[in-house]
Amino acid sequence: MNIVVSPKHLIEHEILSVTTSMRKNSRWASSARLRSARDTALASSMGLRQASVSDSTAQGRERDDVDLMVGFEELKREVRDSENVMKLPLMVLLKPFLALIRSSLSTGPITSAALMSLHTFFVSGLIQPTSVGVRSALASLSNTVANCKFEASDFAGDEAVLLRIMSIIRECMCGSVGTILGDVEVCEMLETVLTICCQMRASEILRRSAELHMHALVRHVFGRLKNLNPRQEENRMAPIDGALSKAEMKMVVQAVQSPIFSNSMETLVPSDDHPQEYPSGTRGEYVPVSQDIGLSIQDSGPPYGLPSITELLRVLINLLNPMDQKHTDSTRITSLRILNTALEVSGTDFGHYASLSSIMFDHGCKYLFQLARSENPTVLYLSLRVISTLFDTLRPYLKLQQELFLAFTIDRLAPPESSTSSSSKTQLQPITSPRSGSSSSAYPMSPNPSLLEDGDSEWGSRTPPQRPTVTPARGETRELMLEMLSSLASPPSFMVDLWTNYDSDLNCEDIFERLTAFLTRGVYASPTMSGLDRQQQSAQLLCLDLLLAFVNHMTARADSLGEKWPTDAPHPEELLRHKSQKRLMLAGASRFNAKPKEGIQFFIENGLVPQIKGEDGVSKTQSLARFLKKCPRLDKKLLGDFLSRPDNRGVLDAFIQLFDFKEKTIADAMRDLLEAFRLPGESQQIERITETFAKCYFAAEPEGIKSEDAVFVLAYSVIMLNTDLHSPQVRKRMTFEDYQRNLKGVNAGSDFDPDYLKTVYDSIGKREIVMPEEHTGQVGFDHAWKELLQRARSAGTLVMCNTSLFDKAMFTLVWKPLISAVAFAFTTFDDDYVIQRAIAGFRQCATLAGTFQLPDVFDYIVQSLSHVTTLLSDPTYTSVLNHPVVEVEGREITVSSLSVKFGNNIRAQLAAVVLFTIANGNGNAVREGWTQIFEMFETLFLHALLPIRMLQMEDFLGGVSMIPLQGSQPSPHPVSRGDGGLLSALSSYLLTPYSASSEPSIPEATDAQVESTLCTIDCITACKLDELYSQIVDLELSALTAALRALHTVADRRAADRLAALSAQGPEDGVLDVPLPYDPASVFLLEMMVSIACQTPQHIEDVWSVVFDHLSNLLSLAERYSMLLIERAVVGLLRLCLIVAEKPSMRDQLYVALDALGGLPPQVLNAVAEQVLAGLVLVVQRCRDIIRSQTEWALVFSLIRRTISHPEASKLSFDMIQNLATDALKGSVTADNFAGLVAVLDDFASAAGYAVEGQRQDKRAANTSEPVVERGLKAIELIFELKRFVPRLLNTAPVSASHAWRIYSLPILVSLGHQSSSASRDVRHSAMSQLQRILLGPYITTSDNDHAQVDETFNRVVFPLLDELLKPDVFQRDPQGMPETRLRASALLCKVFLHFEMRLSQSKSDIRVLWIQILDLLDRFMNIDRRDQLYEAIPESLKNVLLVMNASEILVPPAEPDVRDERQKSMWAATQERIDRFIPSFLSDIIPPTEGPSN
């Protein structure tokens, strides 16, 4: 009990309350009538009889009035006489109240009072589950409130009665006694409340109140599903012994009738045609009259359960039928709200009950999907909400329904394409049928049926209808549908479920691909979308949110590996294979729709159509037929044409044999057949198809058809009848009698059964045979829905699993448009939350790219973000401007236009931070994106915004220096250097990249510009560029190569842009031959490339080609670029050569590099000589063993010889040559480099002569020849010392004596002879001294060809020397010292001849020619200047030679008798003749003739 007063007190006062209200009415105002009633009752009880009143009608009516009041009096006495009113039967307590409520004599206030009393009984606890007779009492109560009658008074008061009724119903059903109610009682009560909800002429307050009560009741009723046993409840729904249940009950809702109360005192559920009565004395037998089909339930036994719940669901769904004109949108809105409540309470339990799911999955989904097209915003919203709740609670059971709805939603939301686009594209399709390749409109359209292919067929001239497109959603409708789509996609596994259940199913659409394609397009603003900018932006943001949610869920799965794939689901590998097959199938279908033969060939080549007879006995033809029947997206017109060709007769037979025509009329059989392909237009093709159909159909043994020919004619008649009955061009339709008459006698000579023909006629008349694609309006939707239900029987449940097994396949498919959409949102929207989400999307995409090893994704992200940063290089920015430099907090910063602009662009700063954050640590995944990264590095460098570490460049000479932003061209001439340092010409002006420009006009920076620059610097610091740069050297080989290739691309593009800019000025400007001005960016890119390659020596074999290609390009056009750039290219190349030299497999590349250096123009090579030699020296010192051939040494010595004129370079090179020539490292002098060493030393000696000569010509210049002369003198000494290596070389590389003489000894003599005429006196004298030491020293010739070597010595060494000294221009090199040299040379000539005379005489060699040449030279020397010492010295030297020759019997004077041989005679005659020319009688004076033979 919920009260503290006694139950008697409560009941008595409730009786008093009701009777008081009754007495206010004139019927019960007189107490006489009550006493009369009492007298009558008393008389009856005593067995007395009272005279009757003549007016029986009036008496009966008065009797009813009295009985109502008497009932309360009797109840009062019962209560007073009872000791415990709780033990009274509950029906006794409620009877007078229920009678009053049922009575049509009652008024609104009286009925309201009675209802209030009943409500009090419920809330006070007088009505309990333990009350006596509670079940029958509740049954009577439910019947009473459902059929309440009272006289109408004022409108508000009457509605108050209905509010009381609903309160009682709610207390009854939701209270403690609700669990013992039967299904009939529950249906009656629910019908009452639902009817009030749908009364359109009732006040808004009443309907809203009724709806609130209905929601509470629905929650309570459907909440019982969780506690029911599905199997037992389904058994209660089954009919018993083929009959209906004991009590048949139907809920009826008629919402468009008059008010529920009127002067005629209608019932709660009025009906003009069928007034409802409540037979007194019965319970549970009242059956409201209605046209609806009810559900029979049992009235006895258990409490309410599935029967009443199913009935309520049936009624709610029937109210949604958009084709039922009896119900208005207001009624549907009410029903949608209630249905949504039911699904929210127990939607997940519907799948456990076949009765509920069959209603919900069929008509429920069908009506909801149709309402989703409504133009009424409220209906649309509520239908979408119910659909969302439906999928949220019952998604596993709604696989195909979800496919259909999502396809429709995407079609509706996709922006329309241009009118020129094909209407067959997916996004322009109407709601598609669940079977691929067919679609239909879900809204009524004007029918224009067509069965045949074209209007030229013999069956009529008709053109196929244009397939309607889905009306695109706009404005609030679009936003609403997007919100609903967002709600549907909220589960983390949503996209995975789409992929696994649809995209990987051969018979389903690619919903995942379509959805992601729509979402990515939806992020962009569509010019075709009308409406407010806010609505469009809202739609864009919703699409973006869905995409980012998809990425977020995928990232979460990548971190946690997702859920385990269910064991009862198809294997993941199988799904991936299905997806691959689906792609092939769709590709083949596309080919088939273009050219059927090519399509068939494609199917066969890709294994989609087996060509080998399998174990099941299926032939090739049957296999092809099966495939064509199940293959989606085939053009049904082309399929029909293909099957009906004569050469495909076997395929046609096998195709039609796949249909099951058992127990089907010919109309249904033709309908099934012609839904598979479009009937061609040619009569021969139709005849082939019809013949084959007739054969197959007759094989199914149809009843009443006697022959195959009869089937053939009947099939033709069906085609003709279909055209006649449904073609809009046919005015006079064929009647059944006409149809029957046309078929007279064709059934093997007899007539068809009229009933059979009537069935065929009616079937065609009611349902036209059309292709699925040509179904329009409601017919089309019904067809699509029918097909969906057929497929649903075998489709199985929706697999739901938040697995990561398919994430890579999905991400690979959509990453590019996805990232593009995110980038668009990042650059377009101003909302901070959107920008933050976009940034998170970029990072998550990068994470996924790393997880799935998709470097293209990183590249695309970098490319997308790089454009937002505004830091990409500008090809028009070809010169570095002078920017102001200010000091802030002890550091200098450069204020440039870019630093100010970037500092004011927060979006660009965010993009930069995100980009470099993604790149940091993910360098191995970046490929093409390095191009943009290095372009941004370039831009930041040009504006002095890079970290100091990235501005450094290494050199052989001065260690590390900074790349200057400003610089002038270094002089092409050698620059003398002091002893204070070893820096190159570059170092003379390399201070810092931030040094002030020498140009006077530098703008001043404002405070705002400084602040913006500081923001830029802070952003660049947050980007951690130096960390990214340092990570490059640790990259994997593929990523490292990609980075260097990107650098190569950027650097080449920079150089090409600058050359193009210069060339654009035209040849008339005279600028094409002028070198480009200094470009710090080119130097920066070059240094970065070389630095990366040098720090990764382990990969030099792979990166060499990339770096060398860029370097060689620069060196090949060295005269066009600034000298600093070429100098850095040379240094970089030689740094790489140091690494290459350590790789034996790359020794050839070393010499390719040296050859490239050797090919530099002289002035360029001279400008970079110091760097060239510094690197070359290191290469030779560290890797001398790699130089193994004369050709290789020739390249080295060539570089040395070409740079000898450079003072610093020559110093370096001479030190290296000296080490080689002195054999400082054992074995440094080899047969391969011996000749080269001699030649290089000879050049050093020659350089001394040139230096001295130049000094003499320019006496005002400073004396710089001293170091050169010192090196020349040292070179002479080294040349002389090289002779000591000859024996060792002969031992290590044995050669012939003559060959050894030419390659070892002779080069030394030639070089010393050459230097004996040097302009440098010291070098000249030293060379002559060393030459004399060699020639007059130990025997240097070999004995195998003595005379030839002597001749070669004179002809190539001695004679050229004397010839050179006789030249006037040589004499002018040193006029003061040259006479002495000539004197020494003439003496050397005589001495050498004497030295070799004995050897030649012993070998009996003919020296006449040699001797005459010597005399000629002595003649020339003696007569060159008679004032010179030579004039006196030569005769003396000649005298000594003649005496020695005479003593050796080489020169023998004549005697009597003359015993000389012919050689001696000729020798004397030639000598005498030649000497007498310049010294007459000199020979006779020195060697007088003898008179006799000598003793």
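Given the structure is predicted, the values throughout are model-derived calculations rather than measurements.

**Q** Could you clarify how one ought to interpret the overall build of the protein in this entry?
**A** Secondary structure summary: the protein contains 59 helices and six strands in total. Per-residue burial for the protein yields a buried fraction of 54% across its 1495 residues. Sequence-distant contacts, at least 24 apart, represent 77% of the contacts inside the protein between residues at least 6 apart. Taken as a whole, the protein presents about 64200 Å² of accessible surface, with 50% of it coming from carbon and sulfur.

**Q** Looking at this structure, how should I read the packing of aromatic side chains?
**A** Given two aromatic rings, one states the distance between the centres and the angle between the planes to describe the pair. Applying the stated rule across the entire model yields 38 aromatic pairs. With centroids separated by 5.3 Å and ring planes inclined at 75°, the aromatic side chains of Phe661 and Phe693 adopt a geometry described as edge-to-face. Pair noted here: Phe661 is in the loop between helix H24 (649-657) and helix H25 (666-674) and Phe693 is in helix H26 (residues 683-699), with a separation of 32 residues, a long-range link. Comparing Phe661 with Phe693 shows no difference in burial state: the two are buried. A connected cluster of aromatic rings, assembled from ring pairs, spans Phe655, Phe659, Phe661, Phe677, Phe693 and Tyr697. The ring of Trp499 carries Lys579 above its face, with NZ or CZ at 5.1 Å from the centroid. Of note, Lys758 hangs over the ring of Phe736, and the distance from its end group to the ring centre comes to 5.2 Å.

**Q** For this particular structure, what's the right way to read the nonpolar core?
**A** Here is a general trend for soluble globular proteins: nonpolar side chains tend to be buried in one another's company. Judged by nonpolar contacts, the single largest core of 389 residues is most densely connected at Met360, Trp930, Phe937 and Phe1354. If one sorts the elements of this core by residue count, helix H42 (residues 1123-1140) sits on top with 13 residues. Here Phe1354 is in contact with Phe1359, Pro1360, Leu1389, Val1392, Phe1393, Phe1396, Leu1410 and Ile1414, once residues within four sequence places are set aside. With 61 residues, the next largest nonpolar core counts Leu628, Phe661, Ile666 and Val718 among its residues.

**Q** Before we go on, may I ask you to explain the pattern of salt bridges in this structure?
**A** Opposite charge on two side chains permits them to pair, given that their charged atoms come into close proximity. On inspection of all chains with the given rule, the structure shows 53 salt bridges. A salt bridge links Arg208 to Glu211, with the shortest nitrogen-to-oxygen separation between them at 3.4 Å. Taken together, the positions of Arg208 and Glu211, both in helix H9 (residues 204-223) and three residues apart, correspond to about one turn of that helix. Note on Arg208: relative accessible area 35%, which makes it partly exposed. The class for Glu211 is buried, based on a relative accessible area of 5%. Close ionic contact of Arg1474 with Asp1416 constitutes a salt bridge, the shortest N to O distance being 2.2 Å. On the criterion of sequence distance, the pair formed by Arg1474 in helix H58 (residues 1462-1478) and Asp1416 in helix H56 (residues 1408-1424) is long-range, its members being 58 residues apart. Of the residues examined, Arg1474 reaches a relative accessible area of 8% and is grouped as buried.

**Q** Can you walk me through helix H11 (residues 306-318) in this structure?
**A** The periodicity of an α-helix, 3.6 residues per turn, causes residues three or four positions apart to be oriented the same way. End to end, H11 covers 18 Å across 13 residues, agreeing with the expected 18 Å (1.5 Å per residue, within 8%). Counting buried positions along H11 gives twelve out of 13 residues, so the element sits mostly inside the fold. Along H11, the residues that are buried comprise Leu306, Pro307, Ser308, Ile309, Thr310, Glu311, Leu312, Leu313, Arg314, Val315, Leu316 and Ile317.

**Q** Mind showing me how you'd approach the side chain of Ser763 here?
**A** Positionally, Ser763 belongs in helix H29 (residues 754-766). With a relative accessible area of 17%, Ser763 lands in the buried category. In this structure Ser763 touches Ala667, Asp668 and Arg671, once residues within four positions along its chain are discounted.

**Q** So what exactly am I meant to see when it comes to helix H40 (residues 1080-1094) here?
**A** With 15 residues, H40 should reach 21 Å at 1.5 Å per residue; the first-to-last C-alpha distance of 21 Å fits that figure. For H40, the buried fraction is high: 15 of the 15 residues fall into the buried class.

**Q** Help me understand the packing of helix H18 (residues 511-522) against helix H19 (residues 533-560) in this model?
**A** Packed helices, taken two at a time, are described by the angle their axes make and the gap between the axes. Axis separation between H18 and H19 bottoms out at 8 Å; the angle between their running directions is 130°. Comparing their axes, H19 and H18 come out oblique. Like other packed secondary-structure pairs, H18 and H19 cross with a definite hand, here left-handed. Taken together, the residues of H19 that come into contact with H18 (itself represented by Phe512, Thr516, Phe518, Leu519, Thr520 and Gly522) are Ala539, Gln540, Cys543, Leu546, Leu547 and Phe550.

**Q** Please explain the pairing of strand E3 (residues 885-888) as it appears in this structure.
**A** Within a regular beta strand, the side chains point alternately toward one face of the sheet and then the other, so they alternate between its two faces. Judged from the four bridges that link them, E3 and strand E4 (residues 891-894) form a sheet pairing that is antiparallel. Along E4, the bridge assignment pairs Val885 with Thr894. Taking the residues between adjacent antiparallel strands as the criterion, E3 and E4 are bridged by two residues, where Glu889 takes a positive phi near 55°.

**Q** How do you make sense of the confidence of the model for the protein when you look at a structure like this?
**A** Caution applies to low-pLDDT parts of the model: their predicted coordinates are not meant to be read in detail. Chain-level statistics for the protein give a pLDDT mean of 80 and a share of 82% at 70 or above. The element-level mean pLDDT for the protein is lowest in strand E2 (residues 295-297), coming to 35, with helix H12 (residues 329-346) highest at 93. Low pLDDT, under 50, characterises residues 52-57; the stretch is placed with one contact to residues that sit more than four places away or in other chains. Between residues 240-248, whose pLDDT stays under 50, and residues either more than four places distant or in other chains, the model counts 13 contacts.

**Q** Even after reading the chapter, I still don't get the state of the cysteines, so can you show me in this structure?
**A** Chemically, a disulfide is nothing more than a covalent bond linking the sulfur atoms of two cysteines. The tally for this structure, following the rule as stated, stands at zero disulfides. There is no disulfide at Cys1019, and the cysteine sulfur nearest it, in Cys1023, is 4.3 Å away.

**Q** Explain the packing of helix H4 (residues 90-102) against helix H5 (residues 108-124) to me, please; I cannot follow it from the model alone.
**A** With their axes 9 Å apart at the nearest point, H4 and H5 run at an angle of 150° to one another. Judged on the interaxial angle alone, H5 and H4 are roughly antiparallel. Relative to H5, the crossing made by H4 is left-handed. Side by side, H4 and H5 meet where Leu93, Leu94, Phe97, Leu98, Leu100 and Ile101 of the first sit next to Ile110, Thr111, Ala114, Leu115, Ser117, Leu118 and Phe121 of the second. Split into classes, the residues belonging to the contact of H4 with H5 amount to eleven nonpolar, two polar and no charged.

**Q** Just checking my understanding: could you explain the environment of Leu575 for this structure?
**A** Relative to the helices and strands, Leu575 is located in helix H20 (residues 572-594). On a C-alpha basis, the gap between Leu575 and Leu506 in space is 9.9 Å, while along the polypeptide they are 69 residues apart.

**Q** Please clarify how unusual backbone geometry should be interpreted in this entry.
**A** Excluding glycine, a negative phi dihedral is what most residues carry, and trans is how most peptide bonds are arranged. One non-glycine residue, Lys1024, adopts positive backbone phi at about 55°. When its relative accessible area of 42% is taken as the criterion, Lys1024 is described as partly exposed. A positive phi angle, near 60°, is found at Glu1449, a position not held by glycine. As for its placement among the helices and strands, Glu1449 is situated in the loop between helix H57 (1430-1447) and H58.

Definitions and cut-offs
- Residues numbered from 1 in each chain as written.
- Predicted model: local features only at pLDDT ≥ 70, side-chain atom pairs only at ≥ 80, totals over all residues.
- Heavy atoms only, no water.
- Helix = DSSP H or I, 4+ residues; strand = E, 2+ residues; numbered from the N terminus.
- Buried < 20%, exposed > 50% of the residue type's maximum accessible area, 1.4 Å probe, protein only.
- Contact = heavy atoms within 4.5 Å.
- Areas by Shrake-Rupley, 256 points an atom, 1.4 Å probe, with all protein chains shown as cover.
- Phe/Tyr/Trp six-rings, centres within 6.5 Å; stacked < 30°, edge-to-face > 60°.
- Lys NZ or Arg CZ within 6 Å of the ring centre and 35° of its normal.
- Core = buried A, V, L, I, M, F, W, Y, C linked by side-chain atoms within 4.5 Å.
- Salt bridge = Lys/Arg side-chain N within 4 Å of Asp/Glu carboxyl O.
- Expected span 1.5 Å × (residues − 1).
- Axes fitted to C-alpha atoms, helices over the stretch in contact; angles between N-to-C directions.
- Parallel < 35°, antiparallel > 145°, perpendicular 65-115°, else oblique.
- Left-handed = near helix turned anticlockwise from the far one by under 90°.
- Pairing = 2+ DSSP bridges.
- pLDDT = per-residue confidence, 0-100.
- Disulfide = S-S within 2.5 Å.
- Nonpolar A, V, L, I, M, F, W, Y, C, P; charged D, E, K, R; others polar.

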